[in-house]
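# Fold and geometry: a report
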Amino acid sequence: MRVGAGPVGPGGAPFGEAEPLPVTAGPPPLKGGLVSRIGDIPIKVVYLLGAIVATVAAVLLVFVIFSGDVPTQPENEDVVQVAPVPSTSAEASVTPTPTETPLPAVPAKMAFADLPGRATAATGTVTDSRTGISYPKLGKPWQARSFSPFAHAQRVGKAGVPQTVIASAMLPGDNPETKPRSDADYRAIAARAARWTLGSQYPEGATLAWTGSLKVSGGKGWTLAFRVTYTDGGKQRTGHALVSVVEVGQTKPAMLMASIPESGRAYWRDLNTLAEKVRPL
């Protein structure tokens, strides 16, 4: 025992003095700021955040790039409305009503005349799945155009009467009660389609003369070609046209119509191309 020393407590400290508390180690201080803590984020979380940012950026980029590519109706582009022909059965006569233009007798067979002009090169095939036929897609100056109620149309120049146009659709009018069965049936239907083309694509009083009458290649149907005489601007003009009616598995046949007035005479030869290449799908 030390001399002069007072009593001591259990921890060795003299009575009357507080025993010091034990010191414990706290969490280490943070080093650096937020940037220094990024390395502590799991790598999977980093990849996920990166993928989300990249996806959002790609979507925004697509909207910016293609915001001006919404298709619009061409300026001053007319959509020509075409009145349907009256409903008739396949066996009906081509005898016109008092308001219809009389037609000459349809030849049972007549080779197509070679029309003047230079044929436009075909750039592909129009596959009209709505009507079930195919025919040549012609290059420039022919261009695809809206032409109600046709499914597909190509035109040179502006819409009007007359106009330079090729178009396909189901035969206008209601479905016939029975399906055509013979070449004569299809020839009679083609004659009615020709009369309808004469009335819808040319001025009143136009007349026609047949320049071709043959069965459709590769299937059932008939094609008629004809020369049109009409008056426009007080002068007598000449145009050429054709119609093809094609059996496509329904009671009503499909129809290809092409009409080229005198103003488009440079393209008359294209009618020969169409007559040779129209087919059922």
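Just so it is clear, the structure is predicted and the values come from calculations on it, not from any experiment. (Residues numbered from 1 in each chain as written. Predicted model: local features only at pLDDT ≥ 70, side-chain atom pairs only at ≥ 80, totals over all residues. Heavy atoms only, no water.)

Helix and strand content of the protein chain: four helices and ten strands. When the helices and strands of the protein chain are read in sequence order from the N terminus, they spell out α-α-β-β-β-β-β-α-β-β-β-β-α-β. A total of 281 residues make up the protein chain; the buried ones form 36% of that total. When the accessible surface of the protein chain is split by element, carbon and sulfur atoms take 59% of a total near 17,100 Å². (Helix = DSSP H or I, 4+ residues; strand = E, 2+ residues; numbered from the N terminus. Buried < 20%, exposed > 50% of the residue type's maximum accessible area, 1.4 Å probe, protein only. Areas by Shrake-Rupley, 256 points an atom, 1.4 Å probe, with all protein chains shown as cover.)

A few words on the confidence of the model for the protein chain. Across the protein chain, the average pLDDT comes to 77, with 64% of residues at 70 or higher. For the stretch residues 1-19, pLDDT sits under 50, and the model shows eight contacts to residues farther than four places along the chain or on other chains. The model gives residues 61-99 a pLDDT under 50, and that stretch makes 52 contacts with residues more than four places away or in other chains. (pLDDT = per-residue confidence, 0-100. Contact = heavy atoms within 4.5 Å.)

Our focus in this paragraph is the packing of aromatic side chains. One pass over the full model with this rule turns up five aromatic pairs. Look at tryptophan 142 and tyrosine 267: their rings are 6.2 Å apart centre to centre, the planes differ by 65°, and that puts the pair in the edge-to-face class. One end of the pair, tryptophan 142, is in the loop between β2 (133-138) and β3 (143-144); the other, tyrosine 267, is in the loop between β9 (254-260) and α4 (270-277), and 125 residues separate them in sequence. For tyrosine 267, a relative accessible area of 21% puts it in the partly exposed group. For the ring pair phenylalanine 147 and phenylalanine 150, a centre distance of 4.9 Å and an interplane angle of 25° mean the geometry is stacked. Of the two residues, phenylalanine 147 and phenylalanine 150, both sit in the buried class. (Phe/Tyr/Trp six-rings, centres within 6.5 Å; stacked < 30°, edge-to-face > 60°.)

When you tally the buried positions in β9, you get seven out of seven residues, the bulk of the element. Across the two faces of β9 the burial is the same, with Ala254, Leu256, Ala258 and Ile260 and Met255, Met257 and Ser259 all buried. With six bridges joining them, strand β5 (residues 164-170) and β9 adopt antiparallel strand pairing. What sits directly across from alanine 169, in β9, is methionine 255. (Pairing = 2+ DSSP bridges.)

Right, let's talk about the nonpolar core for a bit. Counting residues in each nonpolar core, the largest one holds 30 residues, and the members touching the most others are Phe150, Phe226, Val245 and Met257. Looking at this core, the elements with two or more residues in it are β5, α3 (183-201), β6 (207-215), β7 (221-232), β8 (235-246) and β9. Take this core: its biggest share by element is eight residues, from α3. For methionine 257, the residues in contact, after removing those within four places along its chain, are Phe147, Phe150, Val165, Ile166, Ala167, Thr197, Gln201, Leu242 and Val243. Counting residues in each nonpolar core, the second largest holds 21 residues, with Leu115, Val216, Leu242 and Ala275 among its members. (Core = buried A, V, L, I, M, F, W, Y, C linked by side-chain atoms within 4.5 Å.)

What follows concerns the sheet that holds strand β10 (residues 279-280). Strand order in the open sheet formed by three strands is β1-β2-β10, with antiparallel pairing between adjacent strands. Two strands close off the open sheet at either side, each with one partner strand: β1 (122-128) and β10. Two elements, β1 and β2, share six bridges in a ladder whose sense is antiparallel. For threonine 125, the partnering residue across the bridge sits in β2 and is proline 136. Contacts from α4 reach β2 and β10 within the one sheet, and its direction differs from that of β2 by about 150°. (Axes fitted to C-alpha atoms, helices over the stretch in contact; angles between N-to-C directions.)

This paragraph deals with the environment of alanine 258. Position of alanine 258 relative to the elements: it lies in strand β9. Relative accessible area serves as the criterion here: at 0%, alanine 258 is assigned to the buried category. Taking C-alpha positions, alanine 258 is 6.4 Å from alanine 167, a pair spaced 91 residues apart along the chain. Discounting chain neighbours no more than four positions away, the residues touching alanine 258 are Val165, Ile166, His240, Ala241, Leu242, Leu271 and Leu274.

Time to look at the sheet that holds β9. Strand order across the open sheet formed by seven strands is β3-β4-β5-β9-β8-β7-β6, with antiparallel pairing between neighbours. Pairing within the sheet leaves two strands with one partner each, and these edge strands are β3 and β6. The pairing of strand β4 (residues 152-156) with β5 spans five bridges and is classified as antiparallel. Looking across to β5, one finds that alanine 153 is bridged to alanine 167. α3 contacts β5, β6, β7, β8 and β9 of the sheet and is inclined by roughly 25° relative to β7. Lying on the sheet, α4 is in contact with β5, β7, β8 and β9; it crosses β8 at an angle near 15°.

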